[in-house]
Amino acid sequence: MSDHEVFTSSTTGGLPVAPSMGPALEFAAVGKGPVETGKRFLLIVFLSAPIAVAAAFVAQGLTALIGLITNLAFYGRLSTAFVSPAGHSLGPWVIVVPVLGGIVVGVMARFGSKAIRGHGIPEAMEQVLFNQSRVPPRVTFLKPLSAAISIGTGGPFGAEGPIIATGGALGSLLGQLTKTTPNERKTLLAAGAAAGMAATFGSPVSAVLLAIELLLFEYQARSFIPVAVAATIAAGIRAAFTGSSPIFAMAPLPAPSLSALLGYCVLGAVIGVAAVWITRAIYAIEDGFERLPLHWMWWPAIGGLAVGIVGYFAPLTMGVGYDNIEHILGGSITGTALFTLLAFKFISWSISLGSGTSGGTLAPLFTFGGAIGALIGGTAAQFLPVLGMDAGTAALVGMAAICAGASQALLASVVFAFETTLQPYCLLPLLGGCSLAYLVARLMMTHSIMTEKIARRGLRISTDYSVDMLASVFVRDTASAGAVCLRGDQRVEEVRQWLASHQPGSAHTGFPVLDGERKMIGVITRKDLSGAEIDPSTALATLVSRPPVVISDNATVREAIDLMVTERVGRLPVVNPERPDRVTGIVTRSDLLKIYGKRLRESKRLTRTLRFEGLLPEQRK
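Asker: Could you clarify how one ought to interpret the packing of aromatic side chains in this entry?
Answerer: What describes a pair of aromatic rings is the distance from one ring centre to the other and the angle between the planes of the rings. Tallied over the full model, the rule gives 15 aromatic pairs. With 6.3 Å between their ring centres and 70 degrees between their planes, Phe-201 and Phe-366 make a pair best called edge-to-face. In this pair, Phe-201 sits in helix α7 (residues 182-201) while Phe-366 sits in helix α14 (residues 362-383), placing the two residues 165 residues apart along the sequence. Given a relative accessible area of 3%, Phe-366 falls into the buried group. Each residue in the set Phe-82, Phe-201, Phe-248, Tyr-322, Phe-366 and Phe-416 is aromatic and connected to the rest through ring pairs, giving one cluster. Taking NZ or CZ as reference, Arg-77 lies 4.4 Å from the ring centre of Tyr-75, over its face.

And the structure:
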């Protein structure tokens, strides 16, 4: 094989775009943007609307169902009015009601679906991360029903967790029926979950943020726009049913002084410690139930017994307790009564939740955080008036901060407190207090109340977001220049002799093949040429089994990796989008590994430098 028969990409012309490439080439080579911004993206946005409508009506239906069961169980009347069990006249018989509810939930979990047990949000996270967002269809019906029975019979839980889980299940179900990709199903699941939260609290912005921080694990237009659309529709439907007034009404809060802001930040740090203790207590109780010589189906009945006994002495601990939160924020419950509610509610909720029954965590956490904040704020206002702290503001900061610390959803917690109270002067105290609570919680525990359960199953989860280093490097800076090309009319024997000659370029493992007009017809590898059954006189063009797969030189390394995986190739000819008739180089898996290794070494070197200069702490042993 003579030298003039092997030529580099600088003489190559007329590169065709393979029809089979379709969206992949448009994404990587032409640079028109991801295919998700096209028809598929609009489809997901369109599908988010019926999910939002369904989730909104499920929220209204679940609320009515909880009211119906509460009225039947505690008052013996047929009504769907959302009432507290605290006004019952059952006497000691009240202890039996939560036990019966626990038995029913345990039977539903045993013979229906074990997935109905727990908070709701961790289970949704697990489906997103490890099951391609596929929620079993029966969970869509069993989760809200079991939650309604648990809460309606006195369970000290919020309805928001089950509604969020049910909304996510609706999104997943529609995604499975419409044959969407895992990423698209994840978006639909998150849209349903956000719609459920927005329909419960009338807080669409915080619902979107919660979905981003706990379910999507990304911030991209393809995901958060459908979620935002769903949250908006669901919040609008809620407003049509219940009006637009805040769910937790408060008297106007005063503008905070600088010293008061400092006090709210310290309060946030204290709440962060409390969030850690609460999280650890919950899972310690779960561990205790695991050691019981009794089938898990009966654990909710034991939790119900604790609910009933505590509820007999402290009736306000039973049920959802949204009215308790409003009274705490409004200052109607103070002093000893507030401390009693805090202590007994925590005992009832932690034992019941640890038993594996069905119920949410947000409303109880708001109660705990609000009570702690009100107690500390009231004490500071009495004994340290110079700080200028307000008990109502402190209660609101405590409510949001304990959620930020326990769930580690900082932004969602801040915005949620604002949306549910509409207090214009609360944002600065909320941001400071929640940030300190989040900081303390991150320093004291690795996992949140939402992710600890997943981690205990041996699954690894990270909720931190960072820029993909491979998405900031261009193919043109990585590819090997001057791709060695072969002609389609050359014979296998000639190429084999050339490869054996160790001439420049013969060390490559893949080569673009050109036709008589020097247009690329495909790529051939050493493996394609090594088969003993191949006739040495065979022309190379007959060995090309698929159209060429190319990538633009202004595409990123991440796009190149995705294209290699999608098309199942180990190398990509590189083209210039302005001159698509020229092959400027070739990028291989080895090239991509080298650039990744280089960036990884640079990152480690920067980390060592910062630690040497004292800008980063030493790694914990």
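Asker: Which parts of the structure should I look at to understand the environment of Ile-212?
Answerer: The residue Ile-212 is located in helix α8 (residues 204-216) in this model. Overall, the relative accessible area of 8% leaves Ile-212 in the buried class.

Asker: In this structure, what is going on with the side chain of Ser-203? I would like to understand it.
Answerer: The residue Ser-203 is located in the loop between α7 and α8 in this model. Setting aside its immediate chain neighbours within four residues, Ser-203 contacts Met-197, Ala-198, Phe-416, Glu-419 and Thr-420.

Asker: What is the right way to look at the pattern of salt bridges in this model?
Answerer: A full pass over the atoms with the stated rule returns three salt bridges. Linking Arg-40 and Glu-184 is a salt bridge whose minimum nitrogen-to-oxygen distance equals 2.6 Å. Taken together, the residues span a long stretch of sequence, with Arg-40 in helix α2 (residues 39-75) and Glu-184 in helix α7 at a distance of 144 residues. Looking at Arg-40, the relative accessible area reads 35%, which means it is partly exposed. A salt bridge links Asp-489 to Arg-487; the nearest nitrogen and oxygen atoms lie 3.1 Å apart.

Asker: How should I be thinking about helix α17 (residues 427-444) in this particular structure?
Answerer: The periodicity of an α-helix, 3.6 residues per turn, causes residues three or four places apart in sequence to face the same way. In this model, α17 (18 residues) spans 26 Å end to end at C-alpha, consistent with the 26 Å of a helix rising 1.5 Å per residue. By the burial criterion, the buried members of α17 are Pro-429, Leu-430, Gly-432, Gly-433, Cys-434, Ala-437, Val-440 and Ala-441.

Asker: Quick question: what am I supposed to make of the pairing of strand β4 (residues 510-514) here?
Answerer: A regular strand places its side chains on the two faces of the sheet in alternate fashion. By the criterion of burial, β4 is predominantly enclosed, with five of the five residues buried. Of the two faces of β4, the one carrying Gly-510, Pro-512 and Leu-514 and the one carrying Phe-511 and Val-513 are both buried. The sheet contact formed by strand β3 (residues 484-487) and β4 spans two bridges and is parallel. By the bridge assignment, Leu-486 is partnered in β4 with Val-513. Judged from the five bridges that link them, β4 and strand β5 (residues 520-525) form a sheet pairing that is antiparallel. Across the sheet, the residue bridging to Val-513 is Gly-522, located in β5. Between β4 and β5, which follow one another and run antiparallel, lie five residues, and Arg-518 among them has a positive phi close to 60 degrees.

Asker: Quick question: what am I supposed to make of the nonpolar core here?
Answerer: Inside soluble globular proteins, nonpolar side chains tend to come together where they are buried. Counting 107 residues, the largest nonpolar core has Phe-248, Trp-349, Leu-396 and Met-399 as the members making the most contacts within it. It is helix α15 (residues 391-407) that provides the largest number of residues to this core, a total of eleven residues. Dropping the residues within four chain positions of it, Trp-349 is found in contact with Pro-156, Phe-157, Ile-278, Ile-282, Gly-360, Thr-361, Pro-364, Leu-365, Phe-368 and Ile-449. Counting 16 residues, the second-largest nonpolar core is a separate cluster that includes Val-549, Ile-551, Leu-563 and Leu-592.

Asker: Honestly, the packing of helix α3 (residues 96-111) against helix α5 (residues 137-152) in this entry has me stumped. Any pointers?
Answerer: If you want to describe how two helices pack, look at the angle between their axes and the distance between the axes. It is at 8 Å that the axes of α3 and α5 come closest, and there the two elements cross at 165 degrees. Classed by the angle they form, the pair α3 and α5 counts as roughly antiparallel. Seen from above, α3 lies across α5 with left-handed handedness. Here Gly-101, Val-104, Val-105 and Met-108 of α3 come into contact with α5, specifically with Leu-142, Leu-145, Ser-146, Ile-149 and Ser-150. When grouped by side-chain class, the residues that make up the contact of α3 with α5 number six nonpolar, three polar and no charged.

Asker: Hey, could you run me through unusual backbone geometry in this one?
Answerer: Apart from glycine, the bulk of residues carry a negative phi angle, and the bulk of peptide bonds sit in the trans form. Phi at Lys-179 is positive, roughly 60 degrees, even though this residue is not glycine. Considering the arrangement of structural elements, one finds Lys-179 in the loop between α6 (160-177) and α7. Accessibility expressed as a relative area gives 74% for Lys-179, which makes it exposed.

Asker: Looking at this structure, I do not really get the state of the cysteines. What am I missing?
Answerer: In protein chemistry, a disulfide is the covalent bond that joins the sulfur atoms of two cysteines. By the definition in use, this model includes zero disulfides. You can see Cys-434 has no disulfide; the closest cysteine sulfur is in Cys-403, sitting 8.1 Å from it.

Asker: Where do I start with a nonpolar patch on the surface in this structure?
Answerer: Nonpolar side chains collect at one region of the surface, where Leu-305, Ile-309, Tyr-312, Phe-313, Phe-344 and Ile-347 lie side by side and expose about 560 Å² of accessible area between them. Contributing elements (two or more residues each) for the nonpolar patch: α11 (299-313) and α13 (335-354). With four residues, the single largest contributor to the nonpolar patch is α11.

Asker: Sorry, what's going on with helix α19 (residues 492-500) here?
Answerer: Those residues of α19 that sit buried are Val-492, Val-495, Trp-498 and Leu-499. Buried residues in α19, looked at end-on, bunch into an arc of 125 degrees, giving them a common side. In this structure, the buried residues of α19 make contact with β3, β4 and α20 (526-530).

Calculation criteria
Residues numbered from 1 in each chain as written. Predicted model: local features only at pLDDT ≥ 70, side-chain atom pairs only at ≥ 80, totals over all residues. Heavy atoms only, no water. Phe/Tyr/Trp six-rings, centres within 6.5 Å; stacked < 30°, edge-to-face > 60°. Helix = DSSP H or I, 4+ residues; strand = E, 2+ residues; numbered from the N terminus. Buried < 20%, exposed > 50% of the residue type's maximum accessible area, 1.4 Å probe, protein only. Lys NZ or Arg CZ within 6 Å of the ring centre and 35° of its normal. Contact = heavy atoms within 4.5 Å. Salt bridge = Lys/Arg side-chain N within 4 Å of Asp/Glu carboxyl O. Expected span 1.5 Å × (residues − 1). Pairing = 2+ DSSP bridges. Core = buried A, V, L, I, M, F, W, Y, C linked by side-chain atoms within 4.5 Å. Axes fitted to C-alpha atoms, helices over the stretch in contact; angles between N-to-C directions. Parallel < 35°, antiparallel > 145°, perpendicular 65-115°, else oblique. Left-handed = near helix turned anticlockwise from the far one by under 90°. Nonpolar A, V, L, I, M, F, W, Y, C, P; charged D, E, K, R; others polar. Disulfide = S-S within 2.5 Å. Patch = residues over 30% accessible without salt bridge, like charges linked within 9 Å, V, L, I, M, F, W, Y side chains within 5 Å. Areas by Shrake-Rupley, 256 points an atom, 1.4 Å probe, with all protein chains shown as cover. Arc of directions from axis to C-beta.

These figures capture arrangement, not role.
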